[in-house]
Amino acid sequence: MSHTAHIPSHRKPRRRASKSALRAGVAGGVLSTVAVAGAAGPAQAEPVTQTIEMPTITSGLATAVAASAQATQQVALDLEAQAHEDAAAQDAAKAAKKAKAEAVRKAEAKKKAEAAAKAKAEAEAKERAERASRTAARTTLSAPSSSSSGNSATASAPSSAPSTSSNATGSAASIVAFAKAQVGDAYVSGGTGPNAWDCSGLVQAAYRSVGIDLPRVSQAQSTAGTQVSLSNLQPGDILYWGAAGSAYHVAIYVGGGQFVGAQNSSTGTVQRSMDYDRPTGAVRVL
């Protein structure tokens, strides 16, 4: 090979100056832009010093739930209070109703007691009036006898000593037993038994028990038999108050100075001593 022959070089070929300049200009522009941006950026931005937490939906929901629970509790309290008020009102109404019923009961009891007391007072007054009338009738009947002769006066005046005869036999015993069995029955004007009597109704029923029919009223019964002295009475005799033929009360002599009669609405049918209300006279039917 000739010493003048071209030998390829092993070094890199140099770049062209135009390309190098272009690249240098582009790089410089880029760096300048970065530098300007870097210089301008820090001047406008402010450093972050705190973290701001944005509100979350959880806190609002909790508040709403709490408010709803409070409202529900208040409603429950209101309902409970209303229930107590209703119960108290019902108790008060029941107490008022009970008090009213008790007041009505007491008023009725008082009214009945007053009516019973009034009826008793009227019956006692009636009995006193009847006794006074009987006393006056006896006085009237005995007055003519006092002007008669001695023997006649002694025979017509009623004896103060009742008959000592107390043993009844036969029909008389049955009449006495019937009369005594009615003691305690009520007195009712016009009553003929079996549990309520007036004076002549009892006498008529007692004699009817042995098959003897007597007139219904006391006036007729006082003349239905033989007149007997009050000092010579026998069980079963009919006692009468008032004049014979116009007697206003009758009873049955049961012996031992006792009689059984339907007296009045206050006492009813009783067994009493003749000293309680002495009769005017007596008749014997048996």
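Residues numbered from 1 in each chain as written. Predicted model: local features only at pLDDT ≥ 70, side-chain atom pairs only at ≥ 80, totals over all residues. Heavy atoms only, no water.

### Brief notes about the overall build of the protein chain
Here's step 1: From N to C terminus, the protein chain includes six helices and eight strands.
Here's step 2: Walking the protein chain from its N terminus toward its C terminus, one meets helices and strands in the order α-α-α-α-β-β-α-α-β-β-β-β-β-β.
Here's step 3: Going through the 286 residues of the protein chain one by one, you find that 23% of them count as buried.
Here's step 4: Within the structure as shown, the protein chain displays about 19,000 Å² of accessible surface, and the carbon and sulfur contribution to it stands at 58%. (Helix = DSSP H or I, 4+ residues; strand = E, 2+ residues; numbered from the N terminus. Buried < 20%, exposed > 50% of the residue type's maximum accessible area, 1.4 Å probe, protein only. Areas by Shrake-Rupley, 256 points an atom, 1.4 Å probe, with all protein chains shown as cover.)

### Here we look at the sheet that holds strand E5 (residues 249–255)
Here's step 1: Taken in spatial order, the six strands make up an open sheet running E3-E8-E4-E5-E6-E7, and their pairing is antiparallel. Two strands lie at the open edges of the sheet, namely strand E3 (226–228) and strand E7 (268–273), each paired on one side alone. Direction aside, the axes of adjacent strands within the sheet are offset by 35 degrees on average.
Here's step 2: Relative to E7, strand E6 (residues 258–264) is paired through six bridges, and the arrangement is antiparallel. Within E7, the position partnered with Ala262 by the bridge is Thr269.
Here's step 3: Of the strands in this sheet, strand E4 (238–241), E5, E6 and E7 are in contact with helix H5 (residues 199–208), which crosses E5 at around 45 degrees. (Pairing = 2+ DSSP bridges. Axes fitted to C-alpha atoms, helices over the stretch in contact; angles between N-to-C directions. Contact = heavy atoms within 4.5 Å.)

### Topic: the side chain of Gln263
Here's step 1: Its location among the elements puts Gln263 in strand E6.
Here's step 2: A distance of 2.9 Å separates a polar atom in the side chain of Gln263 from a polar atom in the side chain of His249. (Polar contact = N/O pair within 3.5 Å; in protein donor to acceptor, adjacent residues only side chain to side chain.)

### As for H5
Here's step 1: Burial analysis of H5 places nine of its ten residues in the buried class, which makes it a mostly covered element.
Here's step 2: Inspection of H5 places Cys199, Ser200, Gly201, Leu202, Val203, Gln204, Ala205, Ala206 and Tyr207 among the buried residues, and these make up the whole buried set.

### Examining the pattern of salt bridges
Side chains that differ in charge, positive against negative, can pair when their charged atoms come close.
Here's step 1: Within the structure shown, the criterion is met by five salt bridges.
Here's step 2: Glu102 is the salt-bridge partner of Arg105, the closest N and O atoms lying 2.5 Å from each other. A residue pair is termed a helical-turn pair when its members lie 3 or 4 positions apart in one helix, as Arg105 and Glu102 do in helix H2 (residues 57–146) at three residues.
Here's step 3: We classify Glu102 as partly exposed; its relative accessible area is 32%. (Salt bridge = Lys/Arg side-chain N within 4 Å of Asp/Glu carboxyl O.)

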